[in-house]
Amino acid sequence: LSAAGTTQGTATELTAASCEITTAADGSGVVLSSKLAAGDSQSVFNAGANAVKIYPPTGMSINALAANAPMLLAINTGCYFQCVSTTRVFGVLSA
């Protein structure tokens, strides 16, 4: 999977429950599935050469970030995302 785009609107949408990013240009990003609903989850692992912006679905927020703001996923790091409401996703980073 390749990260692409530098904004929420141009980032690669993740559609699978488990995703591995293998290509990540500097400043690129992905967006969690637009179909996420409360109780749904996605996991993302960044195996690319650069940190990747992870955007929530439009109108949602990740953890305590502002709505639509990305979190930065470092290289060789994974994150488990759980949708808890129509406006919030929480992310748990790997070690």
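Residues numbered from 1 in each chain as written. Predicted model: local features only at pLDDT ≥ 70, side-chain atom pairs only at ≥ 80, totals over all residues. Heavy atoms only, no water.

## Describing the sheet that holds strand S5 (residues 29-31)
Within a sheet, neighbouring strands are paired by backbone hydrogen bonds and run either parallel or antiparallel to one another.
Argument step 1. Read across the sheet, four strands follow the order S2-S5-S7-S9 without closing on themselves; strand pairing throughout is mixed. Two strands close off the open sheet at either side, each with one partner strand: strand S2 (12-13) and strand S9 (71-73).
Argument step 2. With three bridges joining them, S5 and strand S7 (residues 52-55) adopt parallel strand pairing. Within S7, the position partnered with Gly29 by the bridge is Lys53. (Pairing = 2+ DSSP bridges. Helix = DSSP H or I, 4+ residues; strand = E, 2+ residues; numbered from the N terminus.)

## Notes on the state of the cysteines
Covalent bonding between the sulfur atoms of two cysteines defines a disulfide.
Argument step 1. Enumeration according to the criterion identifies zero disulfides in this entry.
Argument step 2. The cysteine Cys19 is free of any disulfide, with Cys79 supplying the nearest cysteine sulfur at 12 Å.
Argument step 3. Free cysteine: Cys83, not disulfide-bonded; nearest cysteine sulfur from Cys79 at 14 Å. (Disulfide = S-S within 2.5 Å.)

## Quick look at the nonpolar core
A general trend in soluble globular proteins is that nonpolar side chains are found buried together.
Argument step 1. Counting residues in each nonpolar core, the largest one holds 19 residues, and the members touching the most others are Ile21, Leu32, Val44, Ile54 and Phe81.
Argument step 2. Put simply, the parts of the chain that give this core at least two residues each are strand S3 (18-21), S7, S9 and strand S10 (77-83).
Argument step 3. Here the element with the most residues in this core is S10; it accounts for three residues.
Argument step 4. Among all residues touching Ile54, those that are not within four sequence positions of it are Ile21, Val30, Leu32, Val44, Ile62, Ala69, Pro70, Met71, Leu73 and Phe81. (Core = buried A, V, L, I, M, F, W, Y, C linked by side-chain atoms within 4.5 Å. Buried < 20%, exposed > 50% of the residue type's maximum accessible area, 1.4 Å probe, protein only. Contact = heavy atoms within 4.5 Å.)

## What about the sheet that holds S3?
Argument step 1. Ordered by their spatial adjacency, five strands build an open sheet running S3-S6-S10-S11-S8, and the pairing between neighbours is mixed. Each edge of the open sheet is held by one strand with a lone partner, namely S3 and strand S8 (61-62).
Argument step 2. Pairing of S3 with strand S6 (residues 41-46), which is carried by four bridges, proceeds in the parallel orientation. Within S6, the residue paired with Ser18 across the bridge is Ser43.

## Overview of unusual backbone geometry
Argument step 1. Although it is not a glycine, Asn63 adopts a positive phi angle of roughly 50°.
Argument step 2. The topology assignment puts Asn63 in the loop between S8 and S9.

## Concerning the environment of Gly78
Argument step 1. Within the element layout of this structure, Gly78 appears in strand S10.
Argument step 2. Note on Gly78: relative accessible area 9%, which makes it buried.
Argument step 3. As for Gly78 and Thr6, which are separated by 72 residues in sequence, their C-alpha atoms are 20 Å apart.
Argument step 4. When sequence neighbours within four positions are dropped, the list of residues in contact with Gly78 reads Val44, Phe45, Leu73, Val92, Leu93 and Ser94.

## Remarks on the pairing of strand S11 (residues 88-93)
Argument step 1. Direction of pairing for S8 relative to S11: parallel, over a ladder of two bridges. Bridging across to S11, Ile62 finds its partner in Val89.
Argument step 2. Sheet topology places S10 next to S11; five bridges connect them, and they run antiparallel. Across the sheet, Cys83 pairs through a bridge with Val89, a residue of S11.
Argument step 3. The hairpin formed by S10 and S11 contains four residues between the paired strands.

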